[in-house]
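# Structural overview
Now for the letters of each chain:
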4 protein chains.
Amino acid sequence: MSEHEMIDTQLIQDENSKIENDLLKDYESLGERLERRSIDIRTITAKVADYAVATPTWGVGTGGTRFARFPNPGEPRNIFEKVDDCSVIYQLGRATPTLSPHFPWDRVDNPAGLMERAASYGLSFDAVNSNTFQDQPGQESYKYGSLTHASASVREQAVAHNIECIELGKALGSKALTVWIGDGTNFPGQQDFTASLERYLDSMRQVYAALPDDWQIFIEHKLYEPAFYSTVIQDWGTNYIAATELGEKAKCLVDLGHHAPTVNIEMIVARLIQFKKLAGFHFNDSKYGDDDLDSGSIDPFQLFLVFNELVAAESRNAPGFDPAYMLDQSHNVTDPIESLINSAATVQGSYARALLVDRDQLVGYQQSNDVLMAHKTLKLAYETDVAPIVAMARMQSGGAIDPVAVYRKAGYREEKARQRPASTVGSSGIV
Amino acid sequence: MSEHEMIDTQLIQDENSKIENDLLKDYESLGERLERRSIDIRTITAKVADYAVATPTWGVGTGGTRFARFPNPGEPRNIFEKVDDCSVIYQLGRATPTLSPHFPWDRVDNPAGLMERAASYGLSFDAVNSNTFQDQPGQESYKYGSLTHASASVREQAVAHNIECIELGKALGSKALTVWIGDGTNFPGQQDFTASLERYLDSMRQVYAALPDDWQIFIEHKLYEPAFYSTVIQDWGTNYIAATELGEKAKCLVDLGHHAPTVNIEMIVARLIQFKKLAGFHFNDSKYGDDDLDSGSIDPFQLFLVFNELVAAESRNAPGFDPAYMLDQSHNVTDPIESLINSAATVQGSYARALLVDRDQLVGYQQSNDVLMAHKTLKLAYETDVAPIVAMARMQSGGAIDPVAVYRKAGYREEKARQRPASTVGSSGIV
Amino acid sequence: MSEHEMIDTQLIQDENSKIENDLLKDYESLGERLERRSIDIRTITAKVADYAVATPTWGVGTGGTRFARFPNPGEPRNIFEKVDDCSVIYQLGRATPTLSPHFPWDRVDNPAGLMERAASYGLSFDAVNSNTFQDQPGQESYKYGSLTHASASVREQAVAHNIECIELGKALGSKALTVWIGDGTNFPGQQDFTASLERYLDSMRQVYAALPDDWQIFIEHKLYEPAFYSTVIQDWGTNYIAATELGEKAKCLVDLGHHAPTVNIEMIVARLIQFKKLAGFHFNDSKYGDDDLDSGSIDPFQLFLVFNELVAAESRNAPGFDPAYMLDQSHNVTDPIESLINSAATVQGSYARALLVDRDQLVGYQQSNDVLMAHKTLKLAYETDVAPIVAMARMQSGGAIDPVAVYRKAGYREEKARQRPASTVGSSGIV
Amino acid sequence: MSEHEMIDTQLIQDENSKIENDLLKDYESLGERLERRSIDIRTITAKVADYAVATPTWGVGTGGTRFARFPNPGEPRNIFEKVDDCSVIYQLGRATPTLSPHFPWDRVDNPAGLMERAASYGLSFDAVNSNTFQDQPGQESYKYGSLTHASASVREQAVAHNIECIELGKALGSKALTVWIGDGTNFPGQQDFTASLERYLDSMRQVYAALPDDWQIFIEHKLYEPAFYSTVIQDWGTNYIAATELGEKAKCLVDLGHHAPTVNIEMIVARLIQFKKLAGFHFNDSKYGDDDLDSGSIDPFQLFLVFNELVAAESRNAPGFDPAYMLDQSHNVTDPIESLINSAATVQGSYARALLVDRDQLVGYQQSNDVLMAHKTLKLAYETDVAPIVAMARMQSGGAIDPVAVYRKAGYREEKARQRPASTVGSSGIV
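The present account deals with the structure reproduced in this document. Because the structure is a prediction, the values reported are computed rather than measured.

Let us look at the overall build of chain A. Of the regular secondary structure elements, chain A holds 15 helices and 11 strands. In summary, chain A has a C-alpha radius of gyration of 22 Å against a globular reference of 22 Å for 431 residues, a match within 12%. A principal-axis box enclosing the C-alpha atoms of chain A has dimensions of 65 × 60 × 40 Å. Looking at the 431 residues of chain A, the share that counts as buried comes to 71%. Taking the contacts inside chain A whose residues are at least 6 apart along the sequence as the reference set, 80% of them involve residues at least 24 apart. With an accessible surface of roughly 13,600 Å², chain A has 48% of that area assigned to carbon and sulfur atoms. Computing the positive centroid from 39 side-chain charges and the negative centroid from 59, chain A places the two 1 Å apart.

Quick look at the structure:
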């Protein structure tokens, strides 16, 4: 690896060396146990090492709620500093080689310079995100909608912004545009549901037409927030219809926090795979609404069940299956760098567990309606402690066995706190 | 009307005559008030009088829960007695000229005789319902599924039953088959989501192939119950895809109680209208799950908002818009006849309110983002007390101004309690 | 009334005179109809005219979400301007003679001057609200809690702020302190549930000790937000226990948006009345979470059912029953003045409807388990169009029959837009 | 162990011997790993071996929904056969030495004979359950309530039944009565919330008065079902108040499926412990409502978080902390014996994981608001694969390492299918 480093590689090696023996022992005994289930731990480790999930550039700033935001010291003040922070996540955790930028927050005059800076860390750019849920100075307001606004001129502005995002993305090497709009209503009667969706489709057709041949457009649905009575792309049903109306390059992005309470999300994932419309994921966790908590912190079994669908699709070579993975969390009470390192590892762990499911056995139990054993087949995989696999994958790729510990020892946050004096307004759009 | 009557028409007239003057006064003053809003009360009354909603034959038996069923006296013991009860609902309320039967519960050897009995009351048959969520003696079990069962022979049995339902429906003059399956799972891993839906589509294609040219097939979705982890047709998204895969004659039926908490149901209705897949409704109300409570008893504003979408579609002549309306309630603590009379009137009232919305004004406010006035436009219509309109429509059609009072005075339930000795097992499928 | 006016009273009279005849006609015909139910419309009107609900000072600024805030023109920039706006709400709607201030947002050096300004409009001050969910410059941070913080010094700071709020409230003639804290956690394990509540009780005991004899302390519970895994005062159960532990002056405030999905809020209200712990209300409406939408805009029947409990308590002289009423809404897409006028009228309307319930009849039906008629007794009252009563109460008190129309005609917002240039940061804490 | 056996002990030993070496290896390597965390695996194993959870006698019959019940072959037809089935669960799994009976279902003329039969298997009786949610021949109906019924005579009947349950329980050596009522309403207005609760308290005071000195009464709350608008003991708040009003012997039982969606149940557990009112648990799992699925099958992390509270209380010797543990599941698609064996082991596993939490470290992180590390401290314990501990505890107590496999090999179900011909009605109250 010829990359530039924010953390001293010697520190990583020194710290690893202190606990490497323990890791090897754990890895070996797990390997023996898995062998009894006819699983080769090395194969699993290799797959985990290959698994990557994108970091959202806005995720390295402190998040907040409508009530308050409590910034961390040393917050990144621009996209270059965000890239620096993301490089630390990648250097220590090895799971996040790509970044997903957000415009206009991350707009730069010199995209080539930005790509170069990222590349110096081994980083490249993933799907770009447009923003028509906030106003920009001198523009028409999105208060009453953007791509679905009753006024044609606001819609045109929103379409133009999305097309500009594609241009910005092209300059950064990206291959996809993610479109999330907050459009919706707070009052019954505020807008006509049907007309709003028609306007959405009209606007999106224009954006779609501007997509390069090798690009995709990812549509996000969300039940509510910032609109509290209705949202135009409110669920996967509307998302699916929109993606189908637009064409093959349009797919549905699943954010785990964007569904109604009690909804079976892994089933929605299965449906989108089956009908070739799964774009990918915004990973996070939630208990109530779109809480944007750290992945796997509230319902880790659900995350596993999502990965169970993904690995099943992978193992049957489901046609058109090639999802994009991204973390999308709001870090209100933790150091975002720590949360992102930890969450990427959690996502990898869910993938590892799903790889351990004995799929032939599972199908057999399903065929014979041996319900308890089918369930136990999943549970056996889920309850396997895969920490040694994930840590080994990380170490073998040059990362830290215990990345949060090394991050803290390196004093990165303290250093940035000195270098980046507190701004009065946060670096993210979340204020 | 040459029909046969269960309730003495003289009684109806006598009771009406006692309160007719009050009704006329209320109707007149409401008429004046509506005139100020440029609404002709007679036009509205005529539309309400034309509005019809089907009675489910199983609805006249007492419902229950998994814990207990507390039967009413005089419960109908077979489809002929159910027709008698339904005729009372129609005679007094005038809103329910059709019946929706359920097989095998309502299977008879002599359908012509059944049609004749119904016709003698002015009743005819609406969509027929199949039942593959309960076992029948001598058949393979649906414990682990029906149209989606892992075993081909169970699927074949379920397909054959649905095709038989079409045959039975043809003999009764019906034009649609409603398919609700309880298929799903109680455990993660129990079945493969994708394979289950593929089997569903295969089975349904066979049923679809058996549909006469002028028939439709109505698919119901439901989030959960009787399956508690996953349900094959779990939401409108899957329902829409299934209906689309099957063809033009397949549409999506909305049961108001079959959605996740907080979901915006009126929006789903709008989406299905927009994409020409709204089959119609199973009306009821609910607070928690599929509670099957009386329509409008918990959230009457939601029922109005649903009708607001229906009237909007009607008024813009939305292509393909021709929904079927049916009550689907479980009457656990009321006399089912009273609940059905009252619920039909509640549904009519919601329709009446939606007809009062000033749609030109509404569109104007929506165009100009005058949110408060757009909302107040709906609220003005909703808060209008339409009881005089609904009662007038009923009286003019020969029904009772106060149908529940007349029903009680007629002593129908007491008479049936004598004629129909209590059975130990309920007449409905809900046990 | 010797008060000072923001809206020309001649305009109100002129506008009223144009529609007064219609109102009188509607009022008279409703009166006749109610007479048939043995209800005297004048008695009801008088009660409605006496009913008052407080305006929150923060409510006159535009609200927002964590994603964005889209300010209205002419927003009030300080508490004096907020009082001006609140006076308009009161002058036109006559339902909101008191204001509920929020500290430190509304802190002034000269409370006597503020009281005088308010009094010149006929306004006085209701419960004061403390704020320990946001940081103030130079203070210790509430990022990890306030009254429940693990650090004693942060708790002391939060206690001192609450005691200061009492002092500020005394100077304004207030008699109650409302305490809502955002304290809670975003991660399982972040804090110990038991220790947090113990610290809460310790802190609150100190605040309680500082209450004057004739003051009360109102505790708000909330399921989630800004904390997304757990909240210290998460529901009415914990609220009840806390209020009981503190003593007689502590009671539980019900914000309609602070409960879990599907929870029966009117029942919680009944329980708090029964056990003498109902402090009062923060009225608003919601579909998903704490959406803070306009009262009665989403589920008006629920609002009626809450008032049904209140009127029942009133009519049986429930011991200790004396709730405080306040609006607490976030006006993101409407003019806050319009929303507050309209919401106060909606709340009055719910009260009016609840007054129309025939309580003797209701009890009779309940005693005999005549479920349908008991329900219809409520529905008859709910479906009565009480607009003429509420408008008459308003007109007789010197307000506008159609207050929103008069407000618009008066050009108040346009005038303020000129007088109050847009600030870059909103006047409320919600940014 | 001198007990009588349903499964050949030689079979258990033979089967164990085939996999004992693997277990020992896994146990040893886990032991080493835990040692590094300063945890002695033997201490944990001993605690797990001591942990017991009661089997509900009704749980060995097949459950059902309001739509259907699909019975298993060989269902127990009376309490003696239920005891036989429960003995198999205990013999193989060693976690369930007590049974919780339900009256009148399990009423026998000769309780001494029943106790003897149970004792022959090493079994004894736990809390008894009353049933006033179903009618019994010749009795007044509970259709409109039981302990809260508007009629005094129905309430007296329900009180008498509960007192009889205490008598029956005394004869069986039980020390607690669990009271769950379905009382509530399906319609707004059906009953008065306040009067209903007053009647409940009056009735319960009579039952309480009949409690022997060394008995307790456990009150269950439930949000809904069988009542769908309101339930008298709807949540832990009302439960807590009722238990407090009744006295020290009354406590609150937590059924994991009886709460509103998204509610933080572990926090409710913590509150009840803190205020000395936690009676114990009905363990099960759920995704939507009271689904009564197998414990830990849907949200195993939640089950762990509940145990985390229990172990925390245990480790700080929380005053009055002595909860009763019981499984309460509805086995609709599995063999109930298999589900109960597996669920008891799942519950033990959750306990084991909670024992692995480093509580000193956790408190330290909480004190210093090191949120990520506090969370990781829980996660480290949760993600530990404790299967070897639970299996070792079972084997050392004479049970099977793989109890489901041994159960199947023993052919118990097939044998019972021959001995117990199918009844047409299920043995449980769920029909």
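So, about a negative patch on the surface. On the surface, a cluster of negative charge is contributed by Glu28(A), Glu32(A), Glu35(A) and Asp40(A). Its place among the elements puts Glu28(A) in helix H1 (residues 9–36).

Turning our eyes to something else, we now look at unusual backbone geometry. Residue Pro226(A) follows Glu225(A) across a cis peptide bond; omega there is 15°. Note that Pro226(A) resides in the loop between strand S7 (216–220) and strand S8 (230–231). One non-glycine residue, Ser38(B), lies in positive phi territory at about 65°. Considering the arrangement of structural elements, one finds Ser38(B) in the loop between helix H1 (9–36) and helix H2 (41–50).

In the structure shown here, the tally under the stated rule is 104 salt bridges over all chains. Two residues, Asp202(C) and Arg205(C), come together in a salt bridge whose shortest N-O distance is 3.3 Å. Of this pair, Asp202(C) and Arg205(C) both sit in helix H6 (residues 193–209), 3 residues apart, roughly one helical turn. With relative accessibility at 36%, the residue Arg205(C) sits in the partly exposed group. The structure contains a network of salt bridges with shared partners spanning Asp22(A), Asp26(A), Asp385(A), Arg33(D) and Arg36(D).

With that out of the way, let us pick up the relation of the copies chain A and chain B. Structural alignment of chain A on chain B gives an RMSD of 0.0 Å, achieved by rotating through 180° and translating 0.0 Å along the axis. With respect to symmetry, the two chain copies, as superposed, fit the operation of a two-fold axis. The rotation axis passes nearest to the C-alpha of Gly237(A) in chain A, at a distance of 2.0 Å. A share of 100% of interface residues in chain A that are also interface residues in chain B marks the association as one of identical surfaces.

Right, let's talk about the interface of chain C and chain A for a bit. Of the residues lining the interface, 48 residues belong to chain C; the matching set on chain A comes to 48 residues. Counting the surface lost from both chain C and chain A, the interface buries some 4,100 Å², and carbon and sulfur atoms represent 63% of this. Sorting the residues of chain C by area buried against chain A places Arg66(C), Phe67(C) and Tyr288(C) first, and these three jointly supply 22% of that buried surface. One can count 6 salt bridges joining chain C with chain A. The salt bridge partner of Asp292(C) is Arg66(A), with a shortest N-O separation of 2.8 Å.

Criteria and thresholds
Residues numbered from 1 in each chain as written. Chains lettered and ligands numbered in written order. Predicted model: local features only at pLDDT ≥ 70, side-chain atom pairs only at ≥ 80, totals over all residues. Heavy atoms only, no water. Helix = DSSP H or I, 4+ residues; strand = E, 2+ residues; numbered from the N terminus. Rg over C-alpha atoms; globule rule 2.2 N^0.38 Å. Buried < 20%, exposed > 50% of the residue type's maximum accessible area, 1.4 Å probe, protein only. Contact = heavy atoms within 4.5 Å. Areas by Shrake-Rupley, 256 points an atom, 1.4 Å probe, with all protein chains shown as cover. Lys, Arg positive; Asp, Glu negative; His and termini not counted. Charge placed at Lys NZ, Arg CZ, Asp CG, Glu CD. Patch = residues over 30% accessible without salt bridge, like charges linked within 9 Å, V, L, I, M, F, W, Y side chains within 5 Å. Salt bridge = Lys/Arg side-chain N within 4 Å of Asp/Glu carboxyl O. Least-squares fit on C-alpha atoms with pLDDT ≥ 70 in both. Buried area = accessible area lost by both parts, 1.4 Å probe.

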